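One-letter residues, chain by chain:
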Amino acid sequence: MVSSTESTPRGVPTGNIDAYALFEALTGRKIDRPSMDSSRTMSEEYEVLDDDDRDDRPAFGEEPSPDEPPKDVFIGCINPYALVEAMIGHRLDRHALSTARIMADVLQTDYEELFDLKHNSVLFAGLKLNEERREAEELSEKEIQILEERDLVTPDLSRVKKLSDLEKIGLKEVGDLRIKMARMQNGKLRLVLDGQSLGRTVGNHEVTETINDLVLPFRRGKEDREWTPPNSTWRDMNEALFRAIPRRLLVDGAPFFGGMFGGADSHHGGMGMHASSYHQHRFDDPTQGAASDSWLIAAIFSVFWANPAIINRSARMFGGGGGGGPMDHNKRTLAIKFHDKGGRNNAGTDTVEVDYSIPVNNSTDMPIYARSSDGFETWPALYEKAFVKWMTGAKGAHVDLTQAHSGDPIKAMAQLNGRSPRYYFTDKHSGAELAGLVRACSVNKRTISPMAAWTHATGDTFRGANLVANHAYSVLGWVSEGQDDCQYIIVRNPWGVSEPRGLTSYPGLLDHVEPEFWPPAALLDRDGVFSVEVQMFKKYFACIGVAK
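A few points on the structure. This structure is a prediction, so every number in the text was calculated from the model and none was measured. (Residues numbered from 1 in each chain as written. Predicted model: local features only at pLDDT ≥ 70, side-chain atom pairs only at ≥ 80, totals over all residues. Heavy atoms only, no water.)

1. Considerations on a nonpolar patch on the surface
Together, Ile 179, Met 184, Leu 189, Leu 191 and Leu 193 make up an exposed nonpolar region whose accessible area comes to about 480 Å². Secondary structure elements with two or more residues in the nonpolar patch: strand S4 (179–185) and strand S5 (188–193). The leading source of residues in the nonpolar patch is S5, at three residues. In this fold, Leu 189 is placed in strand S5. By relative accessible area, Leu 189 is classed as exposed at 57%. (Patch = residues over 30% accessible without salt bridge, like charges linked within 9 Å, V, L, I, M, F, W, Y side chains within 5 Å. Areas by Shrake-Rupley, 256 points an atom, 1.4 Å probe, with all protein chains shown as cover. Salt bridge = Lys/Arg side-chain N within 4 Å of Asp/Glu carboxyl O. Helix = DSSP H or I, 4+ residues; strand = E, 2+ residues; numbered from the N terminus. Buried < 20%, exposed > 50% of the residue type's maximum accessible area, 1.4 Å probe, protein only.)

Below, the structure written as structure tokens:
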């Protein structure tokens, strides 16, 4: 790390510290030295201070006062990409416009209605909307209905010629039906009517047995059996990832492996790179799977982003003593310490050890639940497994991961790093206070104390996969930009996906964050990373918090 070995008369080594090596040691990430942007001068990084003396800012040198912690928090939304992949046994191109149609067809819900709890979407299975408080509440097992194949059959519409024919096939009181869309085109009136009375579809309280076993914590008469998701097998994660390498080579091509092994083509501008290089995954950022535990995955990434040293990404051989227990043989394991913070999804402070077995889809050879963004690291899946094992007190090696159905991302950060959770509800603080809070927890525009936020359970803008209702996001930092010095808060969706441009628009949200705009963006996979103007942040998000 020291570039010179010369010594002073006192024997003290002199020379400059290798800044790249020091950075990599502190962050646990490799930095691409040739691609460092030298076009920006140091002076451009300084802010211009003005004489603005707004009254809504916190007292000089102080953070806003935290609010009273909530009693129960039920944050969670299923990752539709991972859920559909698990259901159909094929991988989706997450950057293709056609994927939105595939998800809508498989999940039996119009794409723009998937992401708001008011539409009773299946992505919120097990939750219901409290309209007055704009919050989610849990559904009991008795309130969940299992749909069979005959329940999803729709009538034959080939003989429908007149509106009156709709009543003959079971669509009653046609005149009172809700019209979802009306359009006049070429002399023809095109209507989209609500046809729920003709055929049932999956939703938040009606699911198929497959969806129930994939995402809900209700075993329905199978409590005495070991839980295994549909079309999956518990397998050693390293074996599964090794078997998936040929498929990844075919799907991602040679540049994927150049980036993976640090080849010459992995650098920006290398001959192997092209316009799609933005989507290459070079980091091991935690990504949510088919479960609804966005609260947990966002918390894990927030802690990792703020201080990578807290996260244990190492493995060791567990030497068995021949006792015959589920982990009593030579296997690699990961030991993780979690901290008691009270309430639900909690247990006493303890260190939990898990082996590398996880549910792997039999068709794709990919993990069904948490995985790394590059697809080749094990620690995100093991952290998810260990946390659920800790909070449920599970004894076996095969942990029911659906038990982390919904929860509190801010408390989860504290359970990971042992600090105190602090909550700031957006309706009780000004935009300047919220921006000041993020700045106070950041150095060089990047958070050094883990922060997370969650959205309202419903609203008028949750129409796509970038901004999702009742969903947890990691807060990564801040940036100011533009002539009016607009304040933006940088967030990351744990799904690790950015919608194709043109599919959905969100006022006040920049859906692609580049290092030229926010320099720390060079240190993570940027799919799912957005910047939200602070006043719109107040509108979209219900709460932001920090564990410090």
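2. Some words on the pattern of salt bridges
Per the stated rule, a full pass over the model turns up 17 salt bridges. The residue Lys 118 makes a salt bridge to Asp 116 at a minimum N-O spacing of 4.0 Å. Of the charged contacts, one joins Glu 138 and Arg 344 as a salt bridge, the two residues approaching to 3.2 Å between their closest N and O atoms. Taken together, the positions of Glu 138 in strand S2 (residues 135–138) and Arg 344 in the loop between strand S10 (331–338) and strand S11 (350–355) put the pair 206 residues apart, joining distant regions of the chain. A relative accessible area of 25% means that Arg 344 is categorised as partly exposed. Shared partners join several salt bridges into a network, and the residues in it are Glu 63, Arg 422 and Lys 548.

3. Details of the packing of helix H8 (residues 294–306) against helix H10 (residues 409–417)
Where H8 meets H10, the axes come as close as 8 Å, and the angle between the chain directions of the two elements is 50 degrees. Looking at the two axes, H8 sits oblique to H10. Relative to H10, H8 is oriented so that their crossing is right-handed. Judged by residue contacts, Trp 295, Ala 299, Ile 300, Ser 302 and Val 303 of H8 engage Pro 409, Ala 412, Met 413, Leu 416 and Asn 417 from H10. For the contact of H8 with H10, the residue count by class is eight nonpolar, two polar and no charged. (Axes fitted to C-alpha atoms, helices over the stretch in contact; angles between N-to-C directions. Parallel < 35°, antiparallel > 145°, perpendicular 65-115°, else oblique. Left-handed = near helix turned anticlockwise from the far one by under 90°. Contact = heavy atoms within 4.5 Å. Nonpolar A, V, L, I, M, F, W, Y, C, P; charged D, E, K, R; others polar.)

4. Description of the nonpolar core
Counting 130 residues, the largest nonpolar core has Tyr 111, Leu 123, Trp 454, Val 491, Trp 518, Phe 537 and Ile 544 as its most contacted members. Residue contributions to this core peak at 10 residues, all from H8. Those residues in contact with Ile 544, other than ones at most four positions away along the chain, are Ile 410, Arg 422, Tyr 423, Tyr 424, Leu 434, Leu 437, Val 438, Met 451, Ala 452, Ala 453, Val 475 and Phe 537. (Core = buried A, V, L, I, M, F, W, Y, C linked by side-chain atoms within 4.5 Å.)

5. Side note on the packing of aromatic side chains
Applying the stated criterion to the full structure yields 18 aromatic pairs. Aromatic side chains Phe 537 and Phe 541 sit 4.3 Å apart centroid to centroid with 10 degrees between the ring planes, which places their arrangement in the stacked category. By relative accessible area, which is 0% here, Phe 541 ends up buried. Among the aromatic side chains, those forming a connected cluster through ring pairs are Phe 301, Phe 304, Trp 305, Trp 379, Tyr 383 and Trp 518. Here Arg 439 stacks its cationic end above the ring of Trp 478, 4.0 Å away from the centre of that ring. (Phe/Tyr/Trp six-rings, centres within 6.5 Å; stacked < 30°, edge-to-face > 60°. Lys NZ or Arg CZ within 6 Å of the ring centre and 35° of its normal.)

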